[in-house]
Amino acid sequence: MYKVASLVAVLTIISKVLGLLRDLIVAKYFGTSMMADAYNMAYLFTGNFFIIFGTVGGPFYSALVATLPKLPENKHTWIFIKDILLKTTLVLTGLAFVIFLYKSFLLRFFIDPAQQDYFNLTLINIDILLPLVILCGPIGIIFGILNCYKKYYEPSLSPAVVNIVMIITVLMMGDAANGLALALGASLGGVLSFVFQLAPLDFVRKKLLGHDTSPHTELQKQAIEVIEEKQDVFSEG
């Protein structure tokens, strides 16, 4: 347990350092420009959902951590998990669609439409960042599931994935394309963070459905069969 705690702490520190590096690189390329302001304003409508709901310690995570340990490890628990993931994704997809439809109306409360370039660039950033609204729930739920089943590393590495993708995107694109590298990097990082959790989630699925998750299962069965055959031979002899 000490090794697990130490490794999780190290991974968390790495993620924080990468976050600092990301901020420094973003400051170098964008500073306090209109492009940075447009991204930051768009992030208020989209990325904040990711920060609130899609992290360790968020409401979805906390709800799963409080609930799953009380449930038996069987297929009914997996059905429960699937149901939560599906319903949460549908609700958040609906929310993302509402934001997409009414983003111009909502943005008027924060930006004067007379600032046309700033206003339009913010709208584009919102569109690019909408996947974060949809993914925040599933990611937060999966974090909780993985921690309940002692899969600690992937949730701890997830912020690092987002930071690395943003750093690479900004370094590759710079301030070209009206600074959309920021929104593209954040959105792509969120998607890859979600994909990064799927393999350990499949491990949990197999465990709950009764599959042996050991990679040596077949070899062990063959070895047992060989031993039993030899015992039968000796017994007959």
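Residues numbered from 1 in each chain as written. Predicted model: local features only at pLDDT ≥ 70, side-chain atom pairs only at ≥ 80, totals over all residues. Heavy atoms only, no water.

Novice: Before we move on, could you go through the side chain of Asn125 and cite the residues and values that matter?
Specialist: Counting through the fold element by element, Asn125 comes out in helix H6 (residues 116-148). Discounting residues that sit within four places of it in the chain, Asn125 has contacts with Ala38, Tyr39, Ala42, Leu180 and Ala183. (Helix = DSSP H or I, 4+ residues; strand = E, 2+ residues; numbered from the N terminus. Contact = heavy atoms within 4.5 Å.)

Novice: Go over the packing of helix H4 (residues 59-67) against H6 with me, naming the residues and quoting the values.
Specialist: Running from amino to carboxyl end, H4 crosses H6 at an angle of 30°, the nearest separation of the two axes being 7 Å. Between H4 and H6 the crossing geometry is right-handed. Side by side, H4 and H6 meet where Phe60, Tyr61, Leu64 and Val65 of the first sit next to Gly137, Gly140, Ile141, Phe143, Gly144, Ile145, Asn147 and Cys148 of the second. Its residues placed into classes, the contact of H4 with H6 shows eight nonpolar, four polar and no charged. (Axes fitted to C-alpha atoms, helices over the stretch in contact; angles between N-to-C directions. Left-handed = near helix turned anticlockwise from the far one by under 90°. Nonpolar A, V, L, I, M, F, W, Y, C, P; charged D, E, K, R; others polar.)

Novice: Lay out the side chain of Ser15 in plain terms, naming residues and giving numbers.
Specialist: Mapped onto the secondary structure, Ser15 falls in helix H1 (residues 2-30). Leave out the neighbours within four places in its chain, and Ser15 touches Ser156, Pro159, Ala160 and Asn163.

Novice: So what's going on with the packing of aromatic side chains? Residues and values would help.
Specialist: When we look at a pair of aromatic rings, we describe it by the centre distance and by the angle of the planes. Taken as a whole, this structure holds five aromatic pairs when the rule is applied. Where Phe45 meets Phe110, the ring centres are 5.5 Å apart and the plane angle is 85°; that geometry is what we call edge-to-face. Linking Phe45 in helix H2 (residues 34-45) with Phe110 in the loop between helix H5 (75-107) and H6, this pair joins segments that are 65 residues apart in sequence. With relative accessibility at 14%, the residue Phe45 sits in the buried group. Assessed through its relative accessible area of 54%, Phe110 is described here as exposed. Seen from their ring centres, Phe49 and Phe53 are 6.4 Å apart, and the 20° between their planes marks the pair as stacked. Residue Phe49 and its partner Phe53 are located together in helix H3 (residues 47-53), separated by four residues, close to a single helical turn. The class of Phe53 is partly exposed, set by a relative accessible area of 24%. (Phe/Tyr/Trp six-rings, centres within 6.5 Å; stacked < 30°, edge-to-face > 60°. Buried < 20%, exposed > 50% of the residue type's maximum accessible area, 1.4 Å probe, protein only.)

Novice: Just give me the short version of the nonpolar core, but keep the residues and values in it.
Specialist: Formed by 41 residues in total, the largest nonpolar core has its most connected members in Phe30, Tyr39, Leu107, Leu129, Val170 and Leu182. Breaking this core down by element, the ones donating at least two residues are H1, H2, H5, H6, helix H7 (153-173) and helix H8 (181-196). Among the elements that make up this core, the one with the highest residue count is H6 (14 residues). When near neighbours in sequence (up to four residues on either side) are disregarded, Leu107 contacts Met41, Phe45, Phe119, Thr122 and Leu123. Leu85, Leu146, Tyr149 and Val204 belong to the second largest nonpolar core, which has 13 residues in total. (Core = buried A, V, L, I, M, F, W, Y, C linked by side-chain atoms within 4.5 Å.)

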